[in-house]
Structure formats: structure tokens, C-alpha cells
Amino acid sequence: MRIFGIALATAAVAGCSGAGPASEEAANEGSPQAANRAMEGVDVSERLPTDIRRASIVVRDMERSLEFYQGALGLEINYDTVVELSGVNLPVGEPGNKARLVLLNGNDPYIGWVGLLDPFEPELEGVDDPYPTRLAPGTAFLVVNTDDAEKACEAATKIEGVTMTGPIRLQVYPGRDGRPDINVRGCNVFDPNGVAVEINQLLN
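Residues numbered from 1 in each chain as written. Predicted model: local features only at pLDDT ≥ 70, side-chain atom pairs only at ≥ 80, totals over all residues. Heavy atoms only, no water.

Caption draft 1: Seen up close, the nonpolar core. If you look at the biggest cluster of nonpolar residues, it comprises 25 residues, and the most contacted ones within it are Ile57, Phe68, Tyr69, Leu116 and Ile199. Looking at this core, the element that brings in the most residues is helix H3 (residues 62–72), giving 5 residues. In contact with leucine 116, other than residues within four places in its own chain, are Ile57, Val59, Met62, Ser65, Leu66, Tyr69, Arg100, Leu101, Val102 and Leu104. Grouped together as the second largest cluster of nonpolar side chains are 8 residues, Leu85, Val92, Leu103 and Trp113 included. (Core = buried A, V, L, I, M, F, W, Y, C linked by side-chain atoms within 4.5 Å. Buried < 20%, exposed > 50% of the residue type's maximum accessible area, 1.4 Å probe, protein only. Helix = DSSP H or I, 4+ residues; strand = E, 2+ residues; numbered from the N terminus. Contact = heavy atoms within 4.5 Å.)

The following block contains the structure:
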């Protein structure tokens, strides 16, 4: 059985705690990361050195994956191309293999993206293997917030290869630092690739 994991890609951000005026100016003008930061209003001196850009998934079927992430969840495609794999730096396939790479984003134009990588020339082995239905050490899951969890969960269940692990439910999490509880409504599913996804709607 093959478990398709999620690779988290990070990008360094120029500017660090205690940066002086000169370094702030350099960070604002010379750093692609600082220039592209969606968190406007965050002072350079308060920025952490790392952003989590996206979770990338090696997919079994690109079209079914797009049905889920673009169709059911409403993410937007911002990049769609064919790449040649090295098979080394990203240890998937063999050097020279072709893959389709699609990147999707939600409301944030810079962080929190989902990447879909579909090696197709040649196709990877294990595409038709059953995927796990329980999480285990080393596996990961995505959590997404949506405006209408009922609609997203219902749409997800209609996609071939998607498995819902339980009915839509209300989940209550303790608030931070004595604040009110956090109420979310949603569902948990395995996407068409066997990746676990929690679909939530914040209620307060």
C-alpha cells in the first residue's frame, strides 16, 4: 500500500527581529518574500523568517483532484504547466519524467496554496493501490475553512474516489487564553488521492 504524503514548501523572508531602518528598507525593497507578503501591516521587525507557502500532493488523477480542490472547495488555479522531474531533489519518478503541476490558492495570494503534481510520462506505479482510511504517524492532513461547509462537504462526496469519514458535525475547540470556545461545523474526508482533508466553517 502506498501512502501519498504532503510536502510542505517554505520560503525564507528577509528581515528579522530587531532589524534597524536600513535592514527594514532592504527587506521592503529587495526581498521578493517581503514584497509579496499578504499580511500587510505586519512590521518587518515582527515578521518571522519563514512562510509556509503550500502543501503539494502527488496525485493519482489530476482531473478528479481538480474536481475536489477547485470544484468542491472553490480554490482558484493560478499556475498550470508541464515540468520535467529530476527524480533526485524531489524524489518522485525518474530523471526526465514529465509531470503536470497545478497550483491553486484560496483568498491569500501568497500563502496557504495547494499544489497538485501528476507524473504522467510515465505514470507512477501504485496509482490504483487502495489508499489508507486511517491516519498513522508520518501522515498529514489538510484543514480548510470555507463559507459553506454543508455545500462543500456535499459536493465532495459526489466526486469519485472521495471518502467521507463521518457525517457533518459541530466541533467545539477551547478558546485561546480564556477566550470563548471556537465553534466550527464541517466534515472530514479523504480526497481522491487518499489525503485526509478537514473542511470547516467557522461559526464564531
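Next comes the rest of the description.
Caption draft 2: Fine view of the pairing of strand E5 (residues 113–121). With 7 of 9 residues buried, E5 lies mostly within the body of the structure. Pairing analysis gives 5 bridges linking strand E2 (residues 50–58) to E5, with the strands arranged parallel. Pairing of alanine 55 across the sheet is with valine 114, part of E5. Bridge analysis of strand E4 (residues 98–105) against E5 gives 7 bridges, and the strand direction is antiparallel. Bridging across to E5, leucine 103 finds its partner in glycine 115. (Pairing = 2+ DSSP bridges.)

Caption draft 3: Looking closely at the pattern of salt bridges. Following the criterion strictly, the structure yields 8 salt bridges and no others. Ionic pairing is found between glutamate 63 and arginine 100, a salt bridge with its closest N-O pair at 3.0 Å. Residue glutamate 63 is found in helix H3, and its partner arginine 100 is found in strand E4; the two are separated by 37 residues along the sequence. In this structure glutamate 63 comes out as partly exposed when scored by relative accessible area, which is 48%. With a shortest N-O distance of 3.9 Å, lysine 98 and glutamate 84 are connected by a salt bridge. Of the two residues, lysine 98 sits in strand E4 while glutamate 84 sits in strand E3 (residues 76–84), which places them 14 residues apart along the sequence. Taken together, the shared-partner salt bridges in this structure form one network comprising Asp61, Arg64 and Glu160. (Salt bridge = Lys/Arg side-chain N within 4 Å of Asp/Glu carboxyl O.)

These figures come from the coordinates and say nothing about function on their own.
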